[in-house]
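Letter by letter, the chains look like this.
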Amino acid sequence: MNIHEKYIKRCIELARNGLGNTYPNPMVGSLIVYKGKIIGEGWHRKAGEAHAEVNAINSVKDQELLKDASIYVSLEPCSHFGKTPPCSDLIIAKGIKRVVIGTIDPFAKVAGRGIKKLMDAGCEVNVGILEKECYELNKRFFTFHQKKRPYIILKWAQTQDSFIAPLARDEKRPVWITNNHSGQLVHKWRSEEAGILVGTTTALNDNPKLNVRKWTGNDPVRILIDKYLKVPADSAILDDQQKTIVLCDDSSKAENKKNTIYDNIDFSENIAKEVCRVLVKHEIQSVIIEGGSKTLQQFIEAGLWDEARLFTGKSYFGEGTPAPRLSASARLKVEKFIENDHLKIYRNDQGDTI
């Protein structure tokens, strides 16, 4: 690993501190190097607040050193006015002449313009350092802007005999297949994504809250597919305690609340594509789909998924609702045990656009 890669690797580490808090912005890390020594670090902490480059520059105690320093940043500095001024302008104003960038920003308002502005100002710009790793860091942001859909994570738990739910149940609540440690991990995952989605059957059978209770972080936007508005108003998912989007065939039959929005999708079209279309409209960059089996399978068959996180518990049902079946494009990336639970994480490198 050369010196540029070492510093960009550190930028990536810094950027990850913003996971789950920067939507709709990407995660970005930055550092300032003077004569081989890091003199400033920063990352983008929250949308609407200072960007990584600003935080890194402001952390340098002796601002005079900046004229002879280099700035490293995992993603191309912005060149447009949004909620904050352009970072490329700040770099130029501070007299920083050497800029090392992990990868280009695909966002239309940046997309190479930040680099051009820096070069036009006489900066020495080096682009494409640990580019693959920088892309992975912001896989949600890149998917949203390049494929025009959210980054889609499928998640389910199944028994040893491949069922996700028993044939019958005594009450409306989830039937736990995995242990408490796996449950806590799932809540951590929820805090990292912009949205979480279930279908009508899951909402009716499990009455899920779909919030973050076993972890610290932001609750995702709840998305419910409910064509005929069958889910009762007193259900947990409709408690209006966090932002919720209900996808139905006629939103005029329901009234929006403070945090609950009803929107239409065309159920005669491909459901997975219709869901993606509406989520893009609502600027949901990533979504974790937690059920049920029919809903998950629709996304698999449409080729609209990027990751599948599959738990296999130690129990057997004998009969029940069969687990979804992954497509041939699924590639195993991670496999580990959480006590008696077997976790496999698959990637779909052929995930379609909409």
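Residues numbered from 1 in each chain as written. Predicted model: local features only at pLDDT ≥ 70, side-chain atom pairs only at ≥ 80, totals over all residues. Heavy atoms only, no water.

Going by what an unreviewed UniProt entry lists, the protein chain is known as Riboflavin biosynthesis protein RibD and is assigned to Christiangramia oceanisediminis. UniProt, in its Function (unreviewed entry) section for the protein chain, records the words "Converts 2,5-diamino-6-(ribosylamino)-4(3h)-pyrimidinone 5'-phosphate into 5-amino-6-(ribosylamino)-2,4(1h,3h)-pyrimidinedione 5'-phosphate." (UniProt positions renumbered as here; feature names shortened; annotations may be inferred.)

Draft legend 1. Structural detail: the environment of tryptophan 156. Looking at the element boundaries, tryptophan 156 is found in strand β6 (residues 151–158). Residue classification places tryptophan 156 among the buried residues on the basis of a relative accessible area of 3%. With 96 residues separating them along the chain, tryptophan 156 and valine 60 place their C-alpha atoms 46 Å apart. (Helix = DSSP H or I, 4+ residues; strand = E, 2+ residues; numbered from the N terminus. Buried < 20%, exposed > 50% of the residue type's maximum accessible area, 1.4 Å probe, protein only.)

Draft legend 2. Region of interest: the sheet that holds strand β8 (residues 195–199). Judged by pairing direction, the sheet is mixed, and its nine strands sit side by side in the order β11-β10-β9-β8-β12-β6-β13-β16-β15 without closing on themselves. One side of each edge strand has no neighbouring strand; the edge strands of this open sheet are β11 (260–264) and β15 (330–338). Across this sheet, the average inter-strand angle for adjacent strands is 20°, counted without regard to direction. In this sheet, strand β12 (residues 286–291) lies alongside β8 in parallel orientation, the contact comprising four bridges. In the sheet register, glycine 195 faces β12, and the bridge partner there is valine 287. (Pairing = 2+ DSSP bridges. Axes fitted to C-alpha atoms, helices over the stretch in contact; angles between N-to-C directions.)

Draft legend 3. Expanded view of helix α1 (residues 3–15). Between the first and last C-alpha of α1 there are 19 Å, a value that for 13 residues agrees with the 18 Å anticipated at 1.5 Å per step. Every buried residue of α1 is listed here: Tyr7, Ile8, Cys11, Ile12, Leu14 and Ala15. Summarising the axial view, the buried residues of α1 lie within an arc of 160°, below the 170-degree limit, and thus occupy one face. The elements touched by buried residues of α1 are β1 (29–34), β2 (37–43), β3 (70–75), β4 (98–103) and α5 (131–137). The opening residue of α1 is asparagine 2, an N-cap whose side-chain oxygen sits 3.1 Å from the backbone nitrogen of histidine 4. (Expected span 1.5 Å × (residues − 1). Arc of directions from axis to C-beta. Contact = heavy atoms within 4.5 Å. Polar contact = N/O pair within 3.5 Å; in protein donor to acceptor, adjacent residues only side chain to side chain.)

Draft legend 4. Focus on the packing of aromatic side chains. Applying the stated criterion across every chain yields a total of four aromatic pairs. Between the aromatic rings of tyrosine 135 and phenylalanine 142, the centroid separation amounts to 4.5 Å while the plane-to-plane angle is 45°, which identifies the pairing as tilted. One aromatic cluster is present, formed by Tyr135, Phe141 and Phe142 through successive ring pairs. For arginine 45, the ring lying beneath its charged end belongs to tryptophan 43, and the centroid distance is 4.0 Å. Across from the ring centre of tryptophan 176, 5.1 Å away, lies the NZ or CZ of lysine 214, which sits over that ring. (Phe/Tyr/Trp six-rings, centres within 6.5 Å; stacked < 30°, edge-to-face > 60°. Lys NZ or Arg CZ within 6 Å of the ring centre and 35° of its normal.)

Draft legend 5. Structural detail: the pattern of salt bridges. This model, assessed by the stated rule, comprises 19 salt bridges. Among the ionic pairs, glutamate 192 bridges to lysine 188, the shortest N-O distance being 2.6 Å. Of this pair, glutamate 192 and lysine 188 both sit in helix α7 (residues 180–192), separated by four residues, roughly a single helical turn. The class for glutamate 192 is buried, based on a relative accessible area of 10%. (Salt bridge = Lys/Arg side-chain N within 4 Å of Asp/Glu carboxyl O.)

Draft legend 6. Just the environment of lysine 67, in detail. Tracing the sequence through the fold places lysine 67 in the loop between α2 (52–58) and β3. As a C-alpha pair, lysine 67 and isoleucine 96 span 29 residues in sequence and 4.9 Å in three-dimensional space. Each residue touching lysine 67, except ones within four places of it in the same chain, is listed here: Lys94, Gly95 and Lys97.

Draft legend 7. Just the UniProt feature "binding site: substrate" (unreviewed entry) in the protein chain, in detail. In the numbering used here, UniProt assigns the "binding site: substrate" (unreviewed entry) feature to Arg190, Asp206, Leu210, Arg213 and Glu290. Take arginine 213: it is sitting in the loop between α8 (200–206) and β9 (221–225). Taking the relative accessible area as the measure of exposure, arginine 213 reaches 44% and is therefore partly exposed. As for its position among the elements, glutamate 290 is in strand β12. With a relative accessible area of 15%, glutamate 290 lands in the buried category. Setting aside residues no more than four positions away along its own chain, glutamate 290 makes contact with Lys155, Val186, Arg190, Ile196, Leu197 and Val198. In this structure the side chain of glutamate 290 is engaged in a polar contact, spanning 3.0 Å, whose partner is the side chain of arginine 190.

Draft legend 8. Structural detail: the environment of isoleucine 245. Looking at the element boundaries, isoleucine 245 is found in strand β10 (residues 244–248). The sequence separation of isoleucine 245 and isoleucine 223 amounts to 22 residues, and the corresponding C-alpha distance is 4.8 Å. Among all residues touching isoleucine 245, those that are not within four sequence positions of it are Val221, Arg222, Ile223, Leu224, Ile261 and His282.

Draft legend 9. Inspection of the sheet that holds β4 at higher detail. Strand order in the open sheet made by the five strands is β2-β1-β3-β4-β5, with mixed pairing throughout. The sheet terminates laterally at β2 and β5 (124–127), the two strands that pair on one side only. Adjacent strand axes in the sheet meet at a mean angle of 15° when their direction is disregarded. In the sheet, β4 pairs with β5 via four bridges, with the strands oriented parallel. When the bridges of β5 are listed, isoleucine 101 appears paired with valine 127.

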